[in-house]
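Examination of the molecular architecture
Chain residues, written in single-letter form:
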Amino acid sequence: MKKLFIAILSLCVLTSAAGLSQSKEKVLADIQKKNESYKTITSSCTQVKTMKGMKKSVESSGKMYFVRATEKLSMQLTHDRVKHKDKENQLIINGDKVTMISGGTRNVFNTKTDHNMNILKGTLISCIKGQIEKAAQLNKSDIKMTVNDKYYVFEMNIAKHAKGRWNHLTASYSKKDLTLCIFTLTEKNGNTTTWNTLEKEFNGVILDDQFNY
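Summary of the structure given here. No experiment lies behind these values; they were computed from the predicted model shown.

Now for the overall build of the chain. Each helix and strand in the chain was counted, giving 3 helices and 12 strands. Out of the 213 residues in the chain, the part that is buried amounts to 42%. In the chain, the share of contacts with a sequence separation of at least 24, taken over all contacts with a separation of at least 6, comes to 42%. Per element, the accessible surface of the chain, about 12,500 Å² overall, is 54% carbon and sulfur.

Written as structure tokens, this is what we have:
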């Protein structure tokens, strides 16, 4: 009788684990499939940066533009405490170039030769497109899923041997429309960058001017 009880208990545990695995795989597939219908995304966007040694976070807000077919991405942000145009920040991904503009400083990186920027580009684009497994492969990471009232939350711990500036990613997808809403990069030095893209419009016209650098 004892052996029978142990066998039944083991079967229940295995069945439960299989069910959880299938649930995660189904959610991943549903997210990827749903996002294929979003040809363009225009969204409000906030960016929050925390840095070791600084008591206060640095917050910016603005707009995000994304075109799926060309994988062009633009985040145009202004520090919340500064209203001058020359203090605007931008992150632009256009072809093989990643452009970062901070105030009057402009840095352009070639993703063909810069490994870190190539991974950053691939990770951001993959997550916005709902291709979470592709993002995990790029970062040599496993995927852990949790669920709360509003979001499917995916945690990715980056392999220690993987090259790159960060060691952890968190991507939260809305249960309502299955789009990426909260994305956090945690760097190896403890600094974090979080983007929030909560209010979106889909499949509108986005002019190429948004991606000029």
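The structure having been displayed, the exposition proceeds.
With that settled, the discussion passes to unusual backbone geometry. A positive phi angle, close to 55 degrees, is found at E71, a residue other than glycine. When you line up the elements, E71 lands in the loop between strand 2 (58-67) and strand 3 (72-79). According to the relative accessible area criterion, E71 is partly exposed, its value standing at 26%. One non-glycine residue, L178, adopts positive backbone phi at about 65 degrees. Following the sequence through the fold, L178 ends up in the loop between strand 9 (166-174) and strand 10 (180-187).

Attention now goes to the nonpolar core. Ranked by internal contacts, the top residues of the largest apolar core, which has 40 residues, are L73, F154 and F183. For this core, the element with the most residues is helix 2 (residues 115-128), which contributes 7 residues. When neighbours within four sequence positions are excluded, L73 is seen to be in contact with M64, Y65, F66, L91, I92, I93, L124, I125, I128 and F211. Y65, V67, I92 and I206 belong to the second largest nonpolar core, which has 5 residues in total.

Below, the discussion takes up the pattern of salt bridges. Summed over all chains, the structure comprises 5 salt bridges. The residue K72 makes a salt bridge to D208 at a minimum N-O spacing of 3.3 Å. Of this pair, K72 sits in strand 3 while D208 sits in the segment after strand 12 (200-202), and the two are 136 residues apart along the sequence. By relative accessible area, which is 48% here, D208 ends up partly exposed. Of the charged contacts in the structure, one is a salt bridge between D96 and K112, with a shortest N-O distance of 3.4 Å.

Our focus in this paragraph is the pairing of strand 2. Where strand 1 (residues 40-50) lies against strand 2, 10 bridges are found, and the strand directions are antiparallel. The residue bridging T40 from the neighbouring strand is V67, located in strand 2. Counting the residues that bridge the hairpin from strand 2 to strand 3 gives 4 residues, and of these E71 lies at a positive phi of roughly 55 degrees.

Here we take up the packing of aromatic side chains. Aromatic ring pairs are defined here through the distance separating the ring centres and the angle between the ring planes. Counted according to the given criterion, the structure contains 3 aromatic pairs. Seen from their ring centres, F154 and Y173 are 5.9 Å apart, and the 75 degrees between their planes marks the pair as edge-to-face. Of this pair, F154 sits in strand 8 (residues 151-157) while Y173 is found in strand 9, placing the two residues 19 residues apart along the sequence. Residue classification places F154 among the buried positions, given a relative accessible area of 0%. Between F183 and W195, the aromatic rings sit 6.2 Å apart at their centres with planes inclined by 15 degrees, giving stacked as the arrangement.

Take the side chain of K72 next. Classification of K72 by relative accessible area gives buried; the value is 15%. A polar atom in the side chain of K72 sits 3.3 Å from the side chain of D208. Excluding residues within four positions of it along the chain, K72 makes contact with Y65, F66, V67, I93, N94, D208 and F211.

What counts, and at which threshold
Residues numbered from 1 in each chain as written. Predicted model: local features only at pLDDT ≥ 70, side-chain atom pairs only at ≥ 80, totals over all residues. Heavy atoms only, no water. Helix = DSSP H or I, 4+ residues; strand = E, 2+ residues; numbered from the N terminus. Buried < 20%, exposed > 50% of the residue type's maximum accessible area, 1.4 Å probe, protein only. Contact = heavy atoms within 4.5 Å. Areas by Shrake-Rupley, 256 points an atom, 1.4 Å probe, with all protein chains shown as cover. Core = buried A, V, L, I, M, F, W, Y, C linked by side-chain atoms within 4.5 Å. Salt bridge = Lys/Arg side-chain N within 4 Å of Asp/Glu carboxyl O. Pairing = 2+ DSSP bridges. Phe/Tyr/Trp six-rings, centres within 6.5 Å; stacked < 30°, edge-to-face > 60°. Polar contact = N/O pair within 3.5 Å; in protein donor to acceptor, adjacent residues only side chain to side chain.

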